[in-house]
Each structure stands twice: as structure tokens, then as C-alpha cells.
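# Examination of the molecular architecture
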Amino acid sequence: MSAVPAARPAASAEPPANAPANATTNATTDVTATANGTADTTADTAANGTADTTADTAANGTADTAASATATASATETAPDLDLLLVPPRARTGWRLVPARVGAMCAVELQKLRHDRTELYTRAVQPALWLLIFGETFTRLKAIPTGGIPYLDYLAPGIIAQSAMFIAIFYGIMIIWERDSGVLTKLLVTPTPRAALVTGKAFAAGVKAVLQAVVVVLIAAVLGVAMTWNPLRLLGVVVAVLLGSAFFSCLSMAIAGIVLTRDRLMGIGQAITMPLFFGSNALYPVDLMPGWLQAVSKANPLSYQVDALRGLLIGTPSHLPLDFAVLAAATLAGIAAASALLGRLAR
């Protein structure tokens, strides 16, 4: 009979004696690993947070610095503009004062003409009638000896001077209007000398007269008047027109300081305009005048202005040094008289 194999001993349900120690060791290892991992994670997080914070701080600091630099640059750029608004410009003194005031007054007149050109057009009608009717008629009649030149050519410089005088002789009306509206009082309380104000207004009237002279010259050129186009001579024409107009405007302002009202000034202006015009060499030579009228013509600044314009434009014999000297002296005398009477007008 075969032998039955011996049964294997049953496996013990209890762990070996060293199992608790191994489990403890493994648990300790896991706890240590977990702690190390946590520490590493915390360290990494802290390091990353610190790095991010540093980077953000640096970026923000750079941005703030750039913004501050931009703001500083903007403030530096706008500072002069603010200074111009808060601090008034330095006042002109000495010899620069009168040219500055003259330029300002001339600019004002040009602004007026730019906004309203009606006056320029309407004032061109009368010179055109003188040239078209009076000049053409007497050219055909040949009643006035003019030294071998057509009478229309002889008349054109006289009409230029006449149109400039007609503009300037009533300039005092504008001064009275400024007095009535309070503008003149405001001008007189400024540190600007009265002579500078009068000079500025006188040459502002001269600017208007020069524009009127340009219109007359163009009309004369269309009618066939033989005039020179030499730039130097044309510059002399501008100077002659400016000086003549400045004198007559100062005369008008002086009369305004005496009569004080627009109606009186209008009447006196109309009363002296025609005698000044017919008592000059604008229409006929001085040699054809009676003796007493020749004396008036020699004392009339308009005669010297016409003589200068005639010599410059059509080349007739003239006395240019004497003409310009008389015009300059008359202008200075007119400025002095008008300056002395300007305060009376303001009162």
C-alpha cells in the first residue's frame, strides 16, 4: 500500500516577528518622503513666488520709471507754453518800441481790409473817373502844355497822390470814433508813447493808401499810360505815398484834436481837400498858375509828393532829394502836432 505524503504545515496567519519593524520603517520612510516633498514643494513655491515678486517689482519699477520719465519730458515740453501764458512777454523799450507799434497798427488795417474789401473797391471809382473822363478828354483837347508827354500820362501820378490824400485826410474820423467807443482811452493808459501811437496810425493810413495806389496804377496801365516798372523806382513810389499819406493823416488827427467831433471834422476835411488838390501841380504845371497860387503850391506838401511820383513813374524832370526831404519834415511836424493834441481829444 502506497504511503500518503505528509501534509504541508498550514501557513501561519501571523506575520513574522520582524514585520512590525519593517512596516514602521516603511511608514517612516513614506512620512519622510512626504515631508521632504512638502518641504521641496514649499521651498520651490516660495522661491518661485519670491522670483515672481522680484520680477513684478522690477517690471513695475521699470514701468514707473519710464512713465515718470515720459511725464517729466512732457512737463518739460509744456513748461515754456505755460510760461508764455503765465508770464507776460518782456516789454519793448527804446528804438524798438516805435517800429513795433507801427507794425501792429499796419497789421490791424490789413486785417480790416481782408475782412471788408468794399472800401478798396468803392474808393477806386473816383480815380478811375478822373483818368477815364478828365484825362482822356484833356488829352484830346491838348489844352494844357505838359512838355511833350500825353496829358493822361502827366495826370496819372497826380491822381495817385490825390486818392492817397482823400483816404488820409479823413483818418481823424476814425480817431474820434475810437474816442467815443473807449478804445483811445485804453491805448493812452498803456506805456506806449503818444508819438508811437500817432506814428502807427499815420503809417497804417499809408498802408491803405499804398493799396489804393496799386489799384490806380493798374487802371492807368490798362489805359495805356507809359510808366516804368523798375523795382527801385516802384519802391520809391511806395515811400512817397507812405510819407504823403502819413502827413495828411496826422493833419487830420491834429484837426480832430481841435474840433473834437466827427461832423466838424467832416466839414473841415471837405473844405481843405479841394484847395489842397487844385493848389498843387497834380492837374497842371506850376508855371501856368498865377503868382499867388504858385506860392501856395510851393507850400503845399502834395505838390512835392506829385513831383516825386511823376519823376519816378514817367521820368519827367524832378527834384527827388528835395521832394523826399520836404515830405519827411512835414510828416515829423504832423506827428508832433497830432501827439500834442491827442490828449485833448481823449478828454
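Rules and cut-offs
Residues numbered from 1 in each chain as written. Predicted model: local features only at pLDDT ≥ 70, side-chain atom pairs only at ≥ 80, totals over all residues. Heavy atoms only, no water. pLDDT = per-residue confidence, 0-100. Helix = DSSP H or I, 4+ residues; strand = E, 2+ residues; numbered from the N terminus. Contact = heavy atoms within 4.5 Å. Buried < 20%, exposed > 50% of the residue type's maximum accessible area, 1.4 Å probe, protein only. Salt bridge = Lys/Arg side-chain N within 4 Å of Asp/Glu carboxyl O. Axes fitted to C-alpha atoms, helices over the stretch in contact; angles between N-to-C directions. Left-handed = near helix turned anticlockwise from the far one by under 90°. Nonpolar A, V, L, I, M, F, W, Y, C, P; charged D, E, K, R; others polar.

Here we take up the confidence of the model for the chain. In this model, the chain carries a mean pLDDT of 76, and residues with pLDDT of at least 70 account for 72%. Put simply, helix α1 (residues 19-86) is where the chain has its lowest mean pLDDT, 45, and helix α12 (residues 301-313) is where it has its highest, 94. pLDDT under 50 marks residues 1-67. Its contacts with residues more than four places away, or in other chains, come to zero contacts. Overall, residues 69-79 carries pLDDT values under 50, and its contacts beyond four positions in sequence, including any with other chains, amount to zero contacts.

What follows covers unusual backbone geometry. Even without a glycine there, the phi angle at Lys142 is positive, about 55°. Locating Lys142 in the fold gives a position in the loop between α4 (125-141) and α5 (151-168). The class for Lys142 is exposed, based on a relative accessible area of 70%. Even without glycine at this site, Leu260 takes up a positive phi of about 75°. Note on placement: Leu260 falls in the loop between α9 (231-259) and α10 (262-278).

What follows is about the pattern of salt bridges. This model, assessed by the stated rule, comprises three salt bridges. Across the salt bridge formed by Glu178 and Lys201, the nearest N and O atoms sit 2.9 Å from each other. In this pair, Glu178 sits in helix α6 (residues 171-181) while Lys201 sits in helix α8 (residues 194-222), placing the two residues 23 residues apart along the sequence. One exposure class covers both Glu178 and Lys201, and it is buried. For Asp180, the salt bridge goes to Arg262, with nearest N and O atoms at 3.2 Å. You can see Asp180 sitting in helix α6 and its partner Arg262 sitting in helix α10, a full 82 residues away along the chain. Classification of Arg262 as partly exposed rests on a relative accessible area of 37%.

Two numbers describe how α8 lies on helix α13 (residues 320-346): the axes approach to 9 Å, and their chain directions differ by 115°. Crossing of α8 over α13 shows right-handed handedness. Each of Arg194, Ala195, Val198 and Thr199 in α8 lies in contact with α13, whose residues at this interface are Ile335, Ala338, Ser339, Leu342 and Gly343. For the contact of α8 with α13, the per-class residue count stands at five nonpolar, three polar and one charged.

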